[in-house]
Amino acid sequence: MATASEIAAVGVIGAGQMGSGIAQLAAAAGCAVLLLDADSAALSRAVASISASLRRLAAKGQLSQFGPQTACEDSIKRIRCVSTVQDLRDADLVIEAIVENEDVKKQLFVELDEITKASAILASNTSSISITRLASATKRPSQVIGMHFFNPPPIMKLIEIIRGADTSDEVFAAVKSFSERLGKSVICSQDYPGFIVNRILMPMINEAFWALYTGVATKEDIDTGMKLGTNHPMGPLQLADFIGLDVCLSVLRVLHNGLGDNKYSPCPLLVQYVDAGRLGKKRGLGVYSYAQKSSSLKP
Ligand code: 3HC
């Protein structure tokens, strides 16, 4: 099994916001990155956003922590876009950032287990699904681990590492050092629903929806209250739009089902927005509208 310094080739599955941010971090840290997505348009968008993000960081001198070999253009060249799981056969570490659906993720882990080399570590960027259950789909549960990044990955300073029931000490140590190599601080969570951050964050977002639903205040006042009253960079409703209302709802359902307490029951307004396709910033409409520049909060 690869140690942190031996992790040279990283596979990232899913070229959405999270996957492209993770690919960017690994490339900037000097790894050869295989970015996998079946959708070639998603790969093109990812490469464009990675390039723009790296240039922004390079212009501010914020890539220097990774050393001179990681200049912006070199990082971009280290990313290769691929379209099949077979292309990941030589990866030392694979990080999946696909849809939050347990069955889909399990099927992917079955395929990764068959295709990747025996020493490869398999990581999930899941926001709340059990790492132990994902690991049970493989014949290498000791090499399966959670690496939970935060949006936007290039900016947020944290990686939450989740140990499944069988994750080995060696794999945990390798992934912890690798996360530090990416320039992140690390926290470690046991494998319980929502881990640490989402277990605390999502009830706050849900409560903000309840406050809106029951007419306590306007969306603007709820968000301004939490921004200025508790020094959060975004209000909870704006943050929910940023994360994606579908993702928030799915995490709350995992908390509700897994912990069996009604305090995690999703607010009907959040459910209704998702049912209506109001998924947040990515769809141009969530709690706020992002379609026009005149929307009530700067998206
Ligand atoms: N790449 C490079 N630079 C970026 C960037 C990116 N992807 N995104 C933002 N930046 C830079 C901007 O260029 C800007 O730099 P400057 O100050 O030098 O001009 C700086 O970051 C700030 O960006 P903006 O001016 O565009 O906007 P803000 O000041 O509002 O910051 C934000 C944006 C960093 C997203 C900030 O609003 C924030 O921290 N929000 C909270 C985010 C958060 O809580 N994320 C976690 C969500 S939970 C999660 O992800 C877990 C999941 O499981 C649900």
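Structure first, text after, so check above.
Notes on the structure in this doc start here. (Residues numbered from 1 in each chain as written. Predicted model: local features only at pLDDT ≥ 70, side-chain atom pairs only at ≥ 80, totals over all residues. Heavy atoms only, no water.)

Details of the overall build of the chain
Here is step 1 of the chain: Assigned secondary structure in the chain consists of 11 helices and eight strands.
Here is step 2 of the chain: In terms of overall dimensions, the chain is globule-like: its C-alpha atoms have a radius of gyration of 19 Å, near the 19 Å expected for 299 residues.
Here is step 3 of the chain: For the chain, the C-alpha atoms occupy an extent of roughly 55 × 45 × 35 Å along the three principal directions.
Here is step 4 of the chain: By the burial criterion, 49% of the 299 residues in the chain qualify as buried.
Here is step 5 of the chain: In the chain, the share of contacts with a sequence separation of at least 24, taken over all contacts with a separation of at least 6, comes to 67%.
Here is step 6 of the chain: A total of about 13,600 Å² of accessible surface is found on the chain, and carbon and sulfur atoms cover 53% of it.
Here is step 7 of the chain: Here the chain holds 30 positive side-chain charges and 29 negative ones, and the gap between their average locations is 7 Å. (Helix = DSSP H or I, 4+ residues; strand = E, 2+ residues; numbered from the N terminus. Rg over C-alpha atoms; globule rule 2.2 N^0.38 Å. Buried < 20%, exposed > 50% of the residue type's maximum accessible area, 1.4 Å probe, protein only. Contact = heavy atoms within 4.5 Å. Areas by Shrake-Rupley, 256 points an atom, 1.4 Å probe, with all protein chains shown as cover. Lys, Arg positive; Asp, Glu negative; His and termini not counted. Charge placed at Lys NZ, Arg CZ, Asp CG, Glu CD.)

Some words on the pairing of strand β1 (residues 9–13)
Here is step 1 of the chain: Counting buried positions along β1 yields five of five residues, so the element is predominantly enclosed.
Here is step 2 of the chain: Both faces of β1 are covered, namely the face carrying Ala-9, Gly-11 and Ile-13 and the face carrying Val-10 and Val-12.
Here is step 3 of the chain: As judged from the five bridges shared by β1 and strand β2 (residues 32–36), these two strands associate in the parallel manner. Bridge assignment links Val-10 to a residue of β2, and that residue is Val-33.
Here is step 4 of the chain: You can see the chain leave β1, run along helix α1 (residues 17–28) and come back into β2, and the turn it takes is right-handed.
Here is step 5 of the chain: Strand direction decides the pairing type here: β1 and strand β4 (residues 93–96), joined by four bridges, are parallel. Counterpart to Val-10 in the pairing with β4 is Leu-93. (Pairing = 2+ DSSP bridges. Right-handed = clockwise from strand over helix to strand, strands pointing away.)

Regarding helix α11 (residues 268–275)
Here is step 1 of the chain: By the burial criterion, the buried members of α11 are Leu-269, Leu-270, Val-271, Tyr-273 and Val-274.
Here is step 2 of the chain: In this fold, the buried residues of α11 make contact with α7 (197–213) and α10 (245–259).
Here is step 3 of the chain: Residue Gly-277 follows α11 closely and has a positive phi angle near 80 degrees.

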